There are 2 protein chains.
Amino acid sequence: MKSDDAVLALGALAQESRLAVFRLLVKRGPEGYSPGDLIEKLGIPAPTLSFHLRELQRAKLIGARREGRFLYYSANFDRMRGLIDFLTEKCCSLSDTECDSACVPIPVARRRRA
Amino acid sequence: MKSDDAVLALGALAQESRLAVFRLLVKRGPEGYSPGDLIEKLGIPAPTLSFHLRELQRAKLIGARREGRFLYYSANFDRMRGLIDFLTEKCCSLSDTECDSACVPIPVARRRRA
DNA sequence: AAAACAATTCCATAGAATTGGAAGTATGAA
DNA sequence: TTCATACTTCCAATTCTATGGAATTGTTTT
């Protein structure tokens, strides 16, 4: 996963309602929930929910399939794994390799002389 | 980590400059970088950087110490681990189940011309 | 003390995200 | 066909976020 995708995915999850929706969808698995199910569970007005589902979809964290007049949204586990891998590799590992040559040595701050 | 903290932390990382700052700080380790170092590396104007550092700090993803007139910001690895654990447990369980090609974009409703 | 330097806060502005009522589209049932 | 249901898009109001120049605070040097 690239940095831009990560920013998009992080942004998609960085909202109370959307995080709640996503967690429900993860718990649910591939079967998914319809917007109607989610409205019932979370009490979010339909247009607002629709907006949030779109954001999650834009980040490719969820997908949807249609069944008759129902839509079923479900979590994209691969994508979520990709995000977690990105965070783990790029944001949570202090690599033993030292800074590259572009790195500026930090100035050694001298305490005030006594 | 609770849901509210996760939303805060996700929001803090969901911005290009802030993610770049955080990644540099992670790579750097406990020694940290001063705002001046980061300005040189990323070319962000000082007040803008200051604003972003504040956001990261608000989410407790970074901390700072002062040495003389320099400040040194460094990544809070515990906090980051907490976030990743939250995402893994709460948002990526059921990862044994697959949800790949079943998830397709929903048909987009086209507006009828008047 | 004054100057220089590191970094911050102040603040105005621009832009993006969120919200939900009203109106539209899609599908199946009567 | 017409109706009801499921869901979406449209749109405007509001609220958050990001940006960077100017002013300010804290610290060291001269």
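Predicted model only: the values in this text are computed from it and were never measured.

*Asks:* Account for the overall build of chain A, with residues named and values stated.
*Replies:* A tally of regular secondary structure across chain A gives five helices and two strands. With the model as given, the accessible surface of chain A reaches about 6,600 Å², and the carbon-plus-sulfur share is 49%.

*Asks:* Before we move on, can you summarise the environment of leucine 10 of chain A with the specific residues and values?
*Replies:* By the secondary structure assignment, leucine 10 of chain A is in helix α1 (residues 3–13). Residues leucine 10 of chain A and alanine 59 of chain A lie 49 residues apart in sequence; the distance between their C-alpha atoms is 8.6 Å. Once residues within four sequence positions are removed from consideration, leucine 10 of chain A is found in contact with Leu83 and Leu87 of chain A together with Leu10, Leu13 and Ala14 of chain B.

*Asks:* Lay out the protein's contact with DNA strand D in plain terms, naming residues and giving numbers.
*Replies:* Not every one of the 23 residues close to DNA strand D is listed here, only the nearest: Gly36, Ser50 and Tyr73 of chain A together with Arg18 and His52 of chain B. The sugar-phosphate portion of DNA strand D accounts for 71% of its atoms within 4 Å of the protein, the bases making up the rest. In the environment of DNA strand D, a phosphate oxygen lies 2.8 Å from a nitrogen or oxygen atom belonging to the backbone of glycine 36 of chain A. Arginine 18 of chain B is positioned such that a nitrogen or oxygen atom in its side chain is 2.9 Å from a phosphate oxygen of DNA strand D. Looking at the surface near DNA strand D residue by residue, the classes come out as nine nonpolar, seven polar and seven charged.

*Asks:* Before we move on, can you summarise the confidence of the model for chain A with the specific residues and values?
*Replies:* The share of residues in chain A with pLDDT of 70 or more is 82%, and the mean pLDDT across the chain is 85. The low-confidence segment residues 96–114 of chain A, where pLDDT is below 50, has 24 contacts with residues more than four positions distant or belonging to other chains.

*Asks:* Report on the packing of helix α2 (residues 16–28) of chain A against helix α1 (residues 3–13) of chain B, specifying residues and quantitative values.
*Replies:* Interaxial distance between α2 of chain A and α1 of chain B falls to 10 Å at its minimum, and their mutual angle equals 115 degrees. On the basis of the axis angle, α2 of chain A is roughly perpendicular to α1 of chain B. For the crossing formed where α2 of chain A meets α1 of chain B, the hand is right-handed. Every residue of α1 of chain B that contacts α2 of chain A at Glu16, Leu19 and Arg23 of chain A is listed here: Ser3, Ala6 and Val7 of chain B.

Criteria and thresholds
- Residues numbered from 1 in each chain as written.
- Chains lettered and ligands numbered in written order.
- Predicted model: local features only at pLDDT ≥ 70, side-chain atom pairs only at ≥ 80, totals over all residues.
- Heavy atoms only, no water.
- Helix = DSSP H or I, 4+ residues; strand = E, 2+ residues; numbered from the N terminus.
- Areas by Shrake-Rupley, 256 points an atom, 1.4 Å probe, with all protein chains shown as cover.
- Contact = heavy atoms within 4.5 Å.
- Near = heavy atom within 4 Å.
- Polar contact = N/O pair within 3.5 Å; in protein donor to acceptor, adjacent residues only side chain to side chain.
- Nonpolar A, V, L, I, M, F, W, Y, C, P; charged D, E, K, R; others polar.
- pLDDT = per-residue confidence, 0-100.
- Axes fitted to C-alpha atoms, helices over the stretch in contact; angles between N-to-C directions.
- Parallel < 35°, antiparallel > 145°, perpendicular 65-115°, else oblique.
- Left-handed = near helix turned anticlockwise from the far one by under 90°.

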